[in-house]
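# Tertiary structure, described
These are the residues of each chain, in order.
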Amino acid sequence: KRAAAKHLIERYYHQLTEGCGNEACTNEFCASCPSFHRMDNNAAAVKALELYKINAKLCDPHPSKKGTSSAYLENSAKGAHNNSCSDRKMNRKEAHAARDDFKDLNYLTEEKVYEILEICGEKEDYSPLIRVIGRVFSSAEGLVQSFRKAKQHTKEELKSLQGKDEDKDEDEKEKAACSAAAAAMEEDSGASSSRIGDGATQGDNNVHKLGPDEVSVDVEAVMVYLSPNVECDLTYHNVYSRDPNYLNLFIIVMENSNLHSPEYLEIALPLFCKAMSKLPLPAQAKLVRLWSQYSAEQIRRMMETFQQLITYKVISNEFNSRNLVNDDDSVVAATKCLKIVYYANVLGGDVDTDHNEEEDDEPIPESSELTLQELLGEERRNKKGPRVDPLETELGVKTIDCRKPLIPFEEFVNEPLNDVLEMDKDYTFFKVETENKFSFMTCPFILNAVTKNLGLYYDNRIRMYSERRITVLYSLVQGQQLNPYLRLKVRRDHIIDDALVRLEMIAMENPADLKKQLYVEFEGEQGVDEGGVSKEFFQLVVEEIFNPDIGMFTYDETTKLFWFNPSSFETELDVHFPMVVYRKLMGKKGTFRDLADSHPVLFQSLKELLEYEGSVEEDMMITFQISQTDLFGNPLMYDLRENGDKIPVTNENRKDFVTQYAEYILNKAVEKQFKAFRRGFHMVTNESPLKYLFRPEEIELLICGSRNLDFQALEETTEYDGGYNRDSRIIKDFWDIVHAFGEEQKRLFLQFTTGTDRAPVGGLGKLKMIIAKNGPDTDRLPTSHTCFNVLLLPEYTTKEKLKERLLKAITYAKGFGML
């Protein structure tokens, strides 16, 4: 039954990826159907399992498809035969007699495979080749020695491969092995297809063909035999430190382009991943450097291989709080392997390890009080800031250094895994850093923004509770006044002044208090801050600080983004910033390419300057002196070079001019303002996993929320109370009205109901709004509890009255109607 099930799932998979061959196919679950929507291999595997469970329709192969595979493979063998005949003349009889069934052959080279193919083809007996391949590919030693080829490299290639390793010869050998294996798996530069992979590492329905139909090599069985031995070698025998060439084994096996096929997912691939996950850190780094030379398609194939296994295991098991996905060895091992591919994707992309922001001159002040761990006699973890991934340290490159990876970062996110991950447990494993429990937070590339945000939430809560417990302990031991919250009492008409004075006092006395839970009170107003008052406070503060009249930030009407005012006297919070701000917060300086987002008009002008085909000096007459305006509109001149007004910009030095111009605009001109901004940011995030988990674009999403307001998703997740339900007349009228709102009215509605006009990370579907009945028909306006996202809605008798009352409530909501 198990074999039959696997066979059916496999048939569904091939139907979804290849189709039946009938162009007029009407099966909606077949790739040949004209209306079929193409899907990647990962999605196809998930769908195949679903189709198996519901016993969906299976197409019969179209006559045009039948026999294609065997014909191709047979032609491949013939092509290999012809190619070897033309290039490798030898005495067949002598060779065959000397080899005696090739029992003395313990490793393979490209030449040896051609030789064996030629002899076997002549005798029409491929059993010797099958035995050789089975023997070599089931032996770690044999596979390590196989497909080694000397190859000359340029200095640039050697430097790229060497990285931090000091032994250039070893890197050249590793790359040579990689090239030989890859060359053996690809089509020969001669006429026909001659693939070692078809016999050794290419899959075809669990049986891998070399020529005639009666010849086959079961590569899956070979991998099942090989992998535990490899795991043992790496775990107990320290084999890599003794022989760095051991890495060749993984390079060759990963050339199998069908590793993610269904027949491998049950046993063979999990065993191989478990073995590969035992590679020591230097070996992982070297593998990253080798694979970073691969093309985007090769990286994607390997990524899909490991993603396929993770997805298959996740959907095949019932994971919950009692059966954690963290305890599944196959998922954990595949994730660790995926991490190697991820960093190869980073290193192989557009990487800039320079242009790093300098560290603050003076350290962020630490609390003079003892931490909870120190009070309890424990050593404080991560005292110098957030952790750094050891593989990043080994490679000397970070994710933030990569401007554009070979394949998008988003492709490494595994949504089925995110759905079953118990983030509270995973965060615990992450903080404890136990060797016995794996945390997926150590591989943040596989997590989506919603899951990461949840991890950050747990981290913030624990820090708040920790500071609260410290306060209680001090109040008991030293008799200090109990103050477990960060309390701010402000006046609405002096909100910035009151908040700054209070926060500055706290920052000087005890910065750790800034990590406590915020409790806001508006002077002269009733209301307990359960979250809603704080939301309104931040909304008012942001509006005030980013008011152009204050001069702290400048606003670009074209891009709808803010930028630091170089002439301002002080600076603090944030709102919609260009991406370069988030990159700078993560430690990277702005460069010319960042101007496209932050200063698009200037970027276009400088780009035209670089592309100008005439004489820049004669036609444009510009110098290395630029002008800016201060807070009051007065022009200020700045020399990009010493005596810049006397240095003309020419065709030869225009690149330097553009670089210096961008450096001034994005870094030097706002250095003072940005340092103050960054200092405040780091004051509350320096020990947080924020930098470890999030990329700059994800931090923007975290801070600003999603710009896509999907009210349909909000309706689907909204709950009802007090007598209302989804089918109530007024509820149907309510959603008709809200869906008809314009963009600005929708934002006002969100502001009224939740205290912010932005969607949370993950979209409005994550909001969990509640609409509760608030009495019968009345002239009273709707009200809301913003801290709980609750809308209190009277049962108005007409749709027109509901719309009129609702619009009035959301339009005049500030300081009224929100609790």
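Everything quoted here is computed from the prediction, not taken from an experiment. (Residues numbered from 1 in each chain as written. Predicted model: local features only at pLDDT ≥ 70, side-chain atom pairs only at ≥ 80, totals over all residues. Heavy atoms only, no water.)

## What about the overall build of the chain?
Per the secondary structure count, the chain includes 37 helices and 14 strands. By residue count, 49% of the 819 residues in the chain fall in the buried class. Long-range pairs, those at least 24 residues apart, make up 71% of the contacts in the chain with a sequence separation of at least 6. As presented, the chain carries roughly 40000 Å² of accessible surface, and 49% of it is formed by carbon and sulfur atoms. (Helix = DSSP H or I, 4+ residues; strand = E, 2+ residues; numbered from the N terminus. Buried < 20%, exposed > 50% of the residue type's maximum accessible area, 1.4 Å probe, protein only. Contact = heavy atoms within 4.5 Å. Areas by Shrake-Rupley, 256 points an atom, 1.4 Å probe, with all protein chains shown as cover.)

## Focus on the side chain of E663
Note that E663 resides in helix α30 (residues 654–668). When near neighbours in sequence (up to four residues on either side) are disregarded, E663 contacts K589, G590 and K668.

## Considerations on the environment of H7
By the secondary structure assignment, H7 is in helix α1 (residues 2–17). Separated by 255 residues in sequence, H7 and P262 place their C-alpha atoms 8.6 Å apart.

## Considering the packing of aromatic side chains
Applying the stated criterion to the full structure yields 17 aromatic pairs. Seen from their ring centres, Y342 and F445 are 4.6 Å apart, and the 15° between their planes marks the pair as stacked. Taken together, the residues span a long stretch of sequence, with Y342 in helix α18 (residues 329–347) and F445 in the loop between α22 (423–432) and α23 (449–477) at a distance of 103 residues. No difference in accessibility class separates Y342 from F445, as the two residues are buried. Each ring, one from F657 and one from Y661, has its centre 5.6 Å from the other, and the planes form 85°; the classification is edge-to-face. Taken together, the positions of F657 and Y661, both in helix α30 and four residues apart, correspond to about one turn of that helix. The buried category is assigned to Y661, whose relative accessible area is 13%. Among the aromatic residues, those joined into a cluster by ring pairs are Y342, Y343, F409, F412 and F445. (Phe/Tyr/Trp six-rings, centres within 6.5 Å; stacked < 30°, edge-to-face > 60°.)

## So, the side chain of D426
As for its placement among the helices and strands, D426 is situated in helix α22. Its relative accessible area of 0% is what places D426 among the buried residues. Not counting residues up to four positions away in its chain, the partners in contact with D426 are N326, L421, F438, S439, F440 and M441.

## What about the pattern of salt bridges?
Applying the stated criterion to the full structure yields 26 salt bridges. Note that R641 is salt-bridged to D656, the shortest N-O span being 2.6 Å. One end of the pair, R641, is in the loop between β10 (635–639) and α30; the other, D656, is in helix α30, with 15 residues separating them in the sequence. Residue classification places D656 among the partly exposed residues on the basis of a relative accessible area of 26%. Note that E698 and R695 form a salt bridge whose closest N and O atoms lie 3.7 Å from each other. (Salt bridge = Lys/Arg side-chain N within 4 Å of Asp/Glu carboxyl O.)

## Let's talk about the sheet that holds strand β11 (residues 719–721)
Taken together, four strands build an open sheet; the order of strands is β11-β12-β14-β13 and the sheet is mixed. Both edges of this open sheet fall to β11 and β13 (783–785), since each of them pairs with a single strand only. Between one strand axis and the next, the sheet turns by 25° as a mean value, whatever way the strands run. Here β13 runs beside strand β14 (residues 790–793); their pairing, made up of three bridges, is antiparallel. Looking at the pairing, H785 lines up with V790 of β14. (Pairing = 2+ DSSP bridges. Axes fitted to C-alpha atoms, helices over the stretch in contact; angles between N-to-C directions.)

## Thoughts on the nonpolar core
Core analysis: the largest hydrophobic core is formed by 127 residues, its most contacted members being L108, L249, F250, M276, W291 and F657. With twelve residues, α18 is the single largest residue contributor to this core. Apart from the residues within four sequence positions on either side, W291 is in contact with F250, M254, M276, I299, M302, I340, V341 and A344. In terms of nonpolar packing, the next biggest core, distinct from the first, is built from 27 residues, F734, F749, L767 and Y796 among them. (Core = buried A, V, L, I, M, F, W, Y, C linked by side-chain atoms within 4.5 Å.)

## Considerations on a nonpolar patch on the surface
A surface patch of nonpolar side chains, amounting to about 310 Å² of accessible area, comprises V501, M505 and M508. Relative to the elements of secondary structure, M505 occurs in helix α24 (residues 495–509). You can call M505 partly exposed: its relative accessible area is 37%. (Patch = residues over 30% accessible without salt bridge, like charges linked within 9 Å, V, L, I, M, F, W, Y side chains within 5 Å.)

## Observations regarding the confidence of the model for the chain
Of all residues in the chain, 72% attain a pLDDT of 70 or more, and the chain-wide mean is 76. Looking over the chain, one finds the lowest element-wise mean pLDDT in helix α10 (residues 197–200), namely 32, and the highest in α18, namely 96. Every residue in residues 163–216 scores below 50 in pLDDT, and together they form 147 contacts with partners more than four places removed in sequence or on other chains. Predicted confidence for residues 568–575 stays below pLDDT 50, and this span has 31 contacts to residues more than four positions away or in other chains. (pLDDT = per-residue confidence, 0-100.)

## As for the environment of D594
With respect to the helices, strands and loops of the structure, D594 is situated in the loop between α26 (579–585) and α27 (595–598). Spatially, the C-alpha atom of D594 lies 9.7 Å from that of R583, the residues being eleven residues apart in sequence. Apart from residues lying up to four places away in sequence, D594 is in contact with R403, V580, R583, K589 and L666. A distance of 2.8 Å separates the side chain of D594 from the backbone nitrogen of T591, its partner in a polar contact. (Polar contact = N/O pair within 3.5 Å; in protein donor to acceptor, adjacent residues only side chain to side chain.)

## Points about unusual backbone geometry
The phi angle at N55 is positive, at roughly 55°, despite the residue not being glycine. For N55, the location among the structural elements is in the loop between α2 (41–53) and α3 (68–87). A positive phi angle, near 55°, is found at E124, a position not held by glycine. Within the secondary structure layout, E124 lies in the loop between α5 (110–123) and α6 (127–137).

## What about the packing of helix α15 (residues 268–276) against helix α17 (residues 296–316)?
The N-to-C vectors of α15 and α17 enclose an angle of 115°; their axes lie 11 Å apart at closest approach. Crossing hand, α15 versus α17: left-handed. Listed contacts from α17 to L269, P270, C273 and M276 of α15 are T305, F306, L309 and K313. Taken together, the residues of the contact of α15 with α17 sort by class into six nonpolar, one polar and one charged. (Left-handed = near helix turned anticlockwise from the far one by under 90°. Nonpolar A, V, L, I, M, F, W, Y, C, P; charged D, E, K, R; others polar.)

## Some points on the packing of helix α35 (residues 729–739) against helix α37 (residues 799–811)
Packing of α35 against α37 brings their axes to within 10 Å, and their N-to-C directions diverge by 55°. The angle between the axes of α35 and α37 places the two elements in the oblique class. Crossing geometry of α35 relative to α37 is assigned as right-handed. Residues I730, D733, F734, D736, I737 and V738 of α35 pack against K799, L802, K803 and L806 of α37. (Parallel < 35°, antiparallel > 145°, perpendicular 65-115°, else oblique.)

## Description of a negative patch on the surface
Residues E617, E618, D619 and E652 make up a contiguous surface patch of negative charge. Take D619: it is sitting in helix α29 (residues 616–620). Given the relative accessible area of 44%, D619 is considered partly exposed. (Lys, Arg positive; Asp, Glu negative; His and termini not counted. Charge placed at Lys NZ, Arg CZ, Asp CG, Glu CD.)

## Topic: the environment of L690
If you trace the backbone, L690 turns up in helix α32 (residues 690–693). Each C-alpha atom, one on L690 and one on D459, is 9.5 Å from the other, the two residues being 231 residues apart in sequence. Setting aside residues no more than four positions away along its own chain, L690 makes contact with L456, F681, T685, I699 and L702.

## A closer look at the state of the cysteines
Taken as a whole, this structure holds zero disulfides when the rule is applied. C20 takes part in no disulfide bond, and the closest cysteine sulfur to it belongs to C30, at a distance of 3.8 Å. A relative accessible area of 7% places C20 in the buried class. Cysteine C33 shares no disulfide, and the gap to the nearest cysteine sulfur, in C25, comes to 5.6 Å. (Disulfide = S-S within 2.5 Å.)

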